[in-house]
Structure formats: structure tokens, C-alpha cells
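Spelled out, the chains give:
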Amino acid sequence: MAGHSKYANIKHRKALQDSKRTKYFTKTIKNVFVAAKLYGPDILSNPSLRLAISKAKYYNVPKDKIERAIKNATEESNTENYSDIVYEGYGPGGVAFVVTALTDNKNRTASEVRSVFSKFHGNLGVDGSVSHMFDVVGCIKYKNVDFDKLFESAIDNDAIDVVKLDDFCEVLCNQKDLSKVRNALCDVFGDPDECGIEWRPNIFSEVSEEVADSVVRATGSIGREVCKVLSERNININDVVAISSDSGAGKKISFGDEVLISKKISDYGFNEISVAIFATKASVVENFGVDIAQLGCVV
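Under the heading Subcellular location (unreviewed entry), UniProt records this for the protein: "Mitochondrion". Per UniProt, the protein has the following entry under Sequence similarities (unreviewed entry): "Belongs to the TACO1 family."

Structure (C-alpha cells):
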């Protein structure tokens, strides 16, 4: 991508960073509020609240905002209620999807989710239609830890498995054991980089190239919106390069109306790139963002 003046790029970068920070703050504060509302404000007896606070701190949410969210949740005058809800359905080619949501209006959320499925030629299913194809597990992720020590400590505390991936180690456990395993690991390794409940598929099958393209195109609207925003801010797009982790290299990624083949981020030089947009977890941005910015690229 090619941009315009240095000062305009700085201005737009700050606007993007502020927007992203606001989004993270809003989401994490809502999670703190809901956890305190549903299960009480006592951190020691409320593992959901501990996890929510840990994630809020990870995104540098100020302490006073966290405390205010807990206080608001416990006030009798507060009638705001959120609930977790799970939707199941099929995408193009029968690819199974599980969508988890936190909502204060189930009817509105159901309508919006159904609309997304329909838009991309999928179908929203009934409860139990695809959930049997997934396992609900606790997932704890650490970066920069000794894998052997983590493995030994995790297994000793009833973890199911420990996996070493490109830039982090992943500890899997039963959903009910998440708080127990997390607390045990925190005593040894400190707070994890990520922690939460995940739906993991237990059935895998090959899909045709045509179906894969359809699934990829379902995310194309994100790319089109990014192109639109950049255009509105007078940032011309001459070329787009898709970058991913080493394990994701070679996969198809949709951006706007293009389908790109992703390249390894560890092998790619950003010298000729003017603007880099990350759509990933914060840890990846932390690993590569500073080095990329030093090359003169707006992140």
C-alpha cells in the first residue's frame, strides 16, 4: 500500500489506535461487568471475574474503570442484564460454525446472526445441530516460557495437553478445571498472555476448492470496508500483500474483491510497504509492530 504525507499518516495511525483501544476497553469492561453481575463481585470466589479482570489488565484498562464496572454491576438500581448465547449453523459447503455471543437482547442478536448466515449462503441451525462436532475446552496461552517446565506443571495440575506453536505455548484443559489450572500456572509463570473458553472442532474433513473460496469470500467484506476507509482518508492502495504466521503461510485470505495467498511474516521484509494493518491478537502486533514501524511503515 502507498500512503501520502508523513503527518497525515501519523494522524490516521493515531486515530486507528484510539479506535482500537476504545473497542478493547468497551469489550473487556463489559466482560467484567457481566461476570460481576452474574456471579458476584468477590474475585476469590468468582473465577469468571478473575479471568475478565486479567484480560482487561492485559489491554491496559485503567484500574478505576475496572472497579467502576464491578461497582455498577452490583448496584440494585442497575437493571442492565447480559447473557451468553450460542448459535449453531452451516456455512458454504456444509462447513460447521459455532458462534458465541454476549447480548442484552437475544431477539436482536439472533436476527443479526441469521442475517449474516443468509448473506453468505449459510443456514442458522437448531441447538445441537453442530455442537457435537466441537469440544469446549479451557485454553491458556503463554509466550516466552520453557516448554518442558510448562508441560510438567500443567500435566501435574490436570491439564489435558500442552502444545508448542510458532510463537506461544498452549495449555488445554477441561472447561471446569480452567480456573484451577490457570491459578496453578500463575503461581509459577505469572499471568498468561491469553486465557478463556474455546470451541475446538473434533471432526475434520477436506473441502473442495470452490467451497474453500466461498468461505474465504465470506470475510471479504472486512477487506472492502478497510479499502473504503483508506480511500476516504486519501490513502491510495497500489498493492496488497497478505501476511500470516509461519503455520498459516500459503493459505487463502480474502481482502476486498481479491483472494490473496498469505506469506510468512518471519520471512517478509516491510521496506516497500507504507501501511501495515494487523487483524490479529495483540501479542502478534507487539512482536512485529515496533520493528515494522522502524522501517518507516505506518502500523
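Looking only at helices and strands, one finds nine helices and 11 strands in the protein. Taking all 299 residues of the protein together, the buried fraction comes to 34%.

For the rest of this paragraph, the subject is the sheet that holds strand S4 (residues 134-142). Strand order in the open sheet formed by four strands is S5-S6-S4-S7, with antiparallel pairing between adjacent strands. With one partner strand each, in any of the chains shown, strand S5 (161-164) and strand S7 (194-201) form the two edges of the open sheet. Pairs of neighbouring strands in the sheet enclose a mean axial angle of 30 degrees, with direction left out of account. Looking at chain direction, S4 and strand S6 (residues 169-174) are connected through six bridges and run antiparallel. Each bridged residue has a counterpart across the sheet, and for Ile140 the counterpart in S6 is Val171.

Here Asn174 lies in strand S6. Through-space distance from the C-alpha of Asn174 to that of Ile160 is 7.0 Å; in sequence the pair is 14 residues apart. Contact partners of Asn174, with chain neighbours within four places excluded, come to Gly138 and Ile160.

What follows concerns the state of the cysteines. Under the defined criterion, the tally for this structure stands at zero disulfides. The thiol of Cys139 is unpaired, and the distance to the nearest cysteine sulfur, on Cys195, comes to 8.1 Å. Cys195 supplies the cysteine sulfur nearest to Cys173, a cysteine that is in no disulfide, at a spacing of 7.6 Å. On the basis of relative accessible area, Cys173 is assigned to the buried category, the value being 0%.

In this structure, Val32, Leu49, Ile53, Ile66 and Ile70 are the most contacted members of the largest nonpolar core, which totals 16 residues. Looking at this core, the elements with two or more residues in it are helix H1 (6-39), helix H2 (47-58) and helix H3 (63-74). Here this core gets six residues from one element, more than from any other, and that element is H1. With residues near it in sequence (within four places) discarded, Ile66 still touches Ile29, Val32, Ile53, Ala56, Lys57 and Val61. Counting 15 residues, the second-largest nonpolar core is a separate cluster that includes Ala159, Cys169, Cys173 and Cys195.

Attention now goes to the side chain of Arg50. Looking at the element boundaries, Arg50 is found in helix H2. Among residues more than four places away in sequence, those in contact with Arg50 are Ile43, Leu44, Ser45, Ser179 and Asn183.

So, about the pattern of salt bridges. Enumeration over the complete set of coordinates arrives at nine salt bridges. A single salt-bridge network, built from bridges that share partners, covers Lys141, Glu170, Glu198 and Arg200.

Right, let's get into helix H5 (residues 147-156). Every buried residue belonging to H5 is among Leu150, Ser153 and Ala154, and all of these are buried. The arc that holds every buried residue of H5, seen down its axis, measures 100 degrees, which confines them to one face. Opposite the buried face of H5, at more than 90 degrees from it, the exposed residues are Asp148, Glu152 and Asp156. Elements that come into contact with the buried residues of H5 comprise S4, S5, S6 and helix H6 (178-189). The residue sitting at the N-terminus of H5 and contributing the capping side-chain oxygen is Asp146; that oxygen lies 3.1 Å from the backbone nitrogen of Asp148. Asp158 sits one or two positions beyond H5 and adopts a positive phi of about 75 degrees.

Strand order in this open sheet of three strands is S2-S1-S3, and the pairing throughout is antiparallel. The open sheet is flanked by strand S2 (96-103) and strand S3 (123-124), the only strands paired with a single partner. Across eight bridges, the pairing between strand S1 (residues 83-90) and S2 is antiparallel. Each bridged residue has a counterpart across the sheet, and for Ile85 the counterpart in S2 is Ala101. Across the sheet, helix H4 (residues 106-119) lies against S1, S2 and S3, angled at about 25 degrees from S1, the strand it touches most.

How each quantity is defined
Residues numbered from 1 in each chain as written. Predicted model: local features only at pLDDT ≥ 70, side-chain atom pairs only at ≥ 80, totals over all residues. Heavy atoms only, no water. UniProt positions renumbered as here; feature names shortened; annotations may be inferred. Helix = DSSP H or I, 4+ residues; strand = E, 2+ residues; numbered from the N terminus. Buried < 20%, exposed > 50% of the residue type's maximum accessible area, 1.4 Å probe, protein only. Pairing = 2+ DSSP bridges. Axes fitted to C-alpha atoms, helices over the stretch in contact; angles between N-to-C directions. Contact = heavy atoms within 4.5 Å. Disulfide = S-S within 2.5 Å. Core = buried A, V, L, I, M, F, W, Y, C linked by side-chain atoms within 4.5 Å. Salt bridge = Lys/Arg side-chain N within 4 Å of Asp/Glu carboxyl O. Arc of directions from axis to C-beta. Polar contact = N/O pair within 3.5 Å; in protein donor to acceptor, adjacent residues only side chain to side chain.

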